[in-house]
Every structure is written in structure tokens, then in C-alpha cells.
Amino acid sequence: MAEQLANAGEQQDIHKTRAFVAVKRVGAKIGLKAGDMLLLDTLGAFTQAQDWTEGQRPIVWASNAYLMEQTGFSLSALKRHARRLAELGVISFRDSPNGKRWGRRDAEGRIVEAYGFDLSPLAARAAEFEQLHAHLQAERALCQRLKRQITVARRMIRARIEAAINAALSGPWAQLVDLFEQLLGQLPRRHDTSDRLGRLFAWFRDLQAQVEQSYLAATQVDEAVENAAETPGQLPTKAREMDPKRSSYDPHTPTTKQLEPVGCNPCDTGKTSTLVPHMATETPQDRALKDRESKVPKVPTALNLSTVLQACPEFASWARHVGGFLKTWNDLHRVAGQLRPMIGVTEHAWNVAQDRLGKQAATAALALVFEKHSTGEVASPGGYLRGMVEKAGAGELHLERSFYGRLGGRAA
């Protein structure tokens, strides 16, 4: 096998740097240790560029004394690392009749005859190592995405269960908590494969569906009991459309059957904005901040609801899972407020975005941030959303370009 790899490497015309970069990227995966790589680097430094051309073999005939001096290895360690390199198919041994290492070059520097460490197998396997590296990158990206999705599912499950328990809703919450704790115990402590992470994510999604069903059933029963207990002459109890844990000043957004323009917001219609809570007393600093924010123009945009959902499939999946069928921007805005804490966007950042961008443009911006965080493009969603708000203040935010660009890239 070693001779077959050496013969294949002799037929390759590959740059030495490319071969060494390829093996170093997958060294840990194929079983190379730090000492093995040090010896391989030392052997590679002994070769010349023309040794890696077609018809040539990069053979190193350096003595043990020279290699021990360059690497700092003892003789036994040197032999151990050389043997591991050969066993893993990175080098082979080309022995002379008398067992000595030696070689000579012609006037042009080409090897005429040599015996020693043959690096031709490395040249033969460079393309294989590059493919392995691409596979490892794809696997790593998939694992990172699954971990983020598991984190979002965990947060949503925990938030729903805590909200139900705090509101004293009836339901199998103790059983669901036990299932949740069991799943948390199965989370990997170190690196894991995408197959196992995918199974864990499916289990978390199933548990999340059970929690949402139980929560919905409990709230409906609770509403029925409250409505039945009302005395004649009283107004009907307002339907619960918000999570019990959400702040008391978080407004109920009415559902309309017509699509509002994206640039529309409470300030545009002359109504008082309810996105930021009104304090009992307003300080001069608060008034100054409000004056500065009122001077920032809202972001006009021609985006429609379907464009946002098509350009952000990951966000759309979570939004439909939480809010059901999304008919209007008000539906999407309500769901965005529920998904917002799942990616670490603070309530303050969300309120500021709504004030400065407008309710619907802020919803579109959050959908974009959620999608980019899910795909690994954004590490800090809160910071990215604040950056978008700052760009809007400078007139440099163009949401349409971002959404249409994502649609065009996926279609291509």
C-alpha cells in the first residue's frame, strides 16, 4: 500500500505548500499528533520545489543525528513518530540495499537517486485531505447551527413552563419538567456529531410542541372559567394573547384583515406610541432623549410579509410554530416579540428599534437578525440590531436590498 501511494504521488504535480496545508488541516482527524507534525515539517523543509513535480519523488535522506537536532527528539521518539507517519499513510520508507540513507542531485537540483523518507504518499493524498477538510467544515457548520437551534428550543420550553407555573395554570407541568430535565442531561459536554445533535433537536422540538399544546389548552380553560364567572353587566374579559411573564405595559396589537404599509407606525397616524412604557414621572433627561428620538425619521420600506418569510425560512419556521398561521404584520410583530429573547436581544434594544424604525420595519429587521444568527452569520444579535438602528439614523439602512439579496442568492 505504501508503494502504491508513492507511485501515485510520483505522478502528481502539486505544490509543496498545498500538500502540507492539506494534511495539517485534517491532521487531528486522521490521527496525527503534534510530534508527528513537527517531524513532517522538518522532513518537508529538507525537500525542494522541483521534488514535488510530476515524475519526481520528494525523498529525504537526512541522518538521525540531524533530525534529532532539529526536532529535539530522542532516537526512540524519532523512530516512533516516523513509524506513525508511515502507518497513517503520509510517508513511506525507501530503503537502500545496505540500509543507509543517502541521495544525490544533478546540476539542476533534481534528485537522481535517493533512499530515506519518501513523502510521495503525501502528494498523492493532498486532494483527499482537501475533500476531508471541506467535509469537516460542513459538519462543523451544521453542528453549530443545530446547537443554536437547540438553545432556542430550550429557552422557549423553559419560558413557557415557567410562565404556566407562575400563572398557576392547570396542566402536566411536573411531567413536562421531568422530560425537559432528562433532555438537558443528554446534551453533549464536548463535540458531538451532527446525527446525534439532530436527534436531540428533534426531541426538543417534540417536547416544545407538547408544552405549547398544554399551555394553549390551559389558557383556553382558564379563559372559559373567567368568562363564566362574570356577573351580568360586566364587560367580557379580554382574551389572553400574551405570555403571562411579559411585562404589563406590553401592548395588545389588534389583528386586522388588511396589510398595513411597512413604514406605518403609531407616530405616523397621530396616535400615542405604546411601544415604550410611560413612567409616572418624566425627567429632563427622558424628555431630551424622547426629543432626539422623535427627530429620527422612520424607515420607509416596500417589503411585504411574504418576502420577509421567504427570505428568512428559519425565522418563518419558528414564527409559524409559535404563532400559527401568520396573516398580517401585526401577527408577525407579536411573534417577533416572543422570539426576541430567544436570540438574546434585550427588551430595551427591541423597544428602541421599534421607536426609531417603526413597528413593521423593526419586525423585518429582527427577522433578518434572527435568520443571520441561525445560519451563523451574526454572533451578537443584539449588537447587530443596534447597528441597524444606527445605520437608519444615518440614512444608510436599506432593508429591501438585504431581503432581496438573500432571495436572489438562494435562487442562484
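Note that the coordinates shown come from a computational prediction; the quantities given were computed from them, not determined experimentally.

## Quick look at the packing of aromatic side chains
Scanning the entire structure with this criterion turns up eight aromatic pairs. Seen from their ring centres, Phe-46 and Trp-61 are 5.7 Å apart, and the 85° between their planes marks the pair as edge-to-face. Note that Phe-46 is positioned in helix H4 (residues 34-46) and Trp-61 in the loop between strand S1 (59-60) and helix H5 (64-71), a separation of 15 residues in sequence. Site record: aromatic cluster; members linked through ring pairs are Phe-46, Trp-61 and Tyr-66. Above the ring of Tyr-215, the side-chain terminus of Arg-160 is found at 4.5 Å from the ring centroid. Taking the ring centre of Trp-318 as reference, the NZ or CZ of Arg-205 above it sits at 4.8 Å.

## Concerning the confidence of the model for the protein chain
Chain-level pLDDT for the protein chain is 79 on average; 79% of the residues reach the 70-or-more range. Per-residue pLDDT, averaged within each element of the protein chain, yields its smallest value for helix H11 (residues 284-294) (51) and its largest for helix H6 (residues 75-87) (94). A low-confidence stretch, residues 233-281 stays under pLDDT 50, and its non-local contacts, those more than four residues away or across chains, total 80 contacts. Between residues 292-297, whose pLDDT stays under 50, and residues either more than four places distant or in other chains, the model counts five contacts.

## A few points about unusual backbone geometry
Phi is positive for Ala-168, which is not a glycine, with a value near 55°. Locating Ala-168 in the fold gives a position in the loop between helix H8 (126-166) and helix H9 (173-185).

## Observations regarding helix H17 (residues 381-393)
The end-to-end C-alpha separation of H17 is 19 Å, in line with the 18 Å expected for 13 residues at 1.5 Å each. Residues of H17 that are buried: Pro-381, Gly-382, Leu-385, Met-388, Val-389 and Ala-392. With its buried residues spanning 120° around the axis, H17 presents them on a single face. Across from the buried face of H17, at angles greater than 90 degrees, the exposed residues are Glu-390 and Gly-393. Count one or two residues on from H17 and you reach Gly-395, which has phi positive near 75°.

## Considering the environment of Arg-320
Checked against the element boundaries, Arg-320 lands in helix H13 (residues 313-323). With a relative accessible area of 45%, Arg-320 lands in the partly exposed category. In the structure, Arg-320 is positioned eleven residues away from Asp-331 in sequence and 9.9 Å away in space, judged by C-alpha atoms. Setting aside residues no more than four positions away along its own chain, Arg-320 makes contact with Leu-309 and Leu-326.

## Section: the packing of helix H14 (residues 329-339) against helix H16 (residues 359-374)
In the contact formed by H14 and H16, the axes pass within 9 Å of each other and the chain directions differ by 50°. Here H14 is positioned oblique relative to H16, judged by the angle of their axes. The element H14 and its partner H16 pack so that their crossing is left-handed. On H16, the residues that touch Trp-329, Asn-330, Leu-332, His-333, Ala-336 and Leu-339 of H14 are Lys-359, Gln-360, Thr-363, Ala-364, Leu-366 and Phe-370. Split by residue class, the contact of H14 with H16 holds seven nonpolar, four polar and one charged.

Scoring rules and cut-offs
- Residues numbered from 1 in each chain as written.
- Predicted model: local features only at pLDDT ≥ 70, side-chain atom pairs only at ≥ 80, totals over all residues.
- Heavy atoms only, no water.
- Phe/Tyr/Trp six-rings, centres within 6.5 Å; stacked < 30°, edge-to-face > 60°.
- Helix = DSSP H or I, 4+ residues; strand = E, 2+ residues; numbered from the N terminus.
- Lys NZ or Arg CZ within 6 Å of the ring centre and 35° of its normal.
- pLDDT = per-residue confidence, 0-100.
- Contact = heavy atoms within 4.5 Å.
- Expected span 1.5 Å × (residues − 1).
- Buried < 20%, exposed > 50% of the residue type's maximum accessible area, 1.4 Å probe, protein only.
- Arc of directions from axis to C-beta.
- Axes fitted to C-alpha atoms, helices over the stretch in contact; angles between N-to-C directions.
- Parallel < 35°, antiparallel > 145°, perpendicular 65-115°, else oblique.
- Left-handed = near helix turned anticlockwise from the far one by under 90°.
- Nonpolar A, V, L, I, M, F, W, Y, C, P; charged D, E, K, R; others polar.

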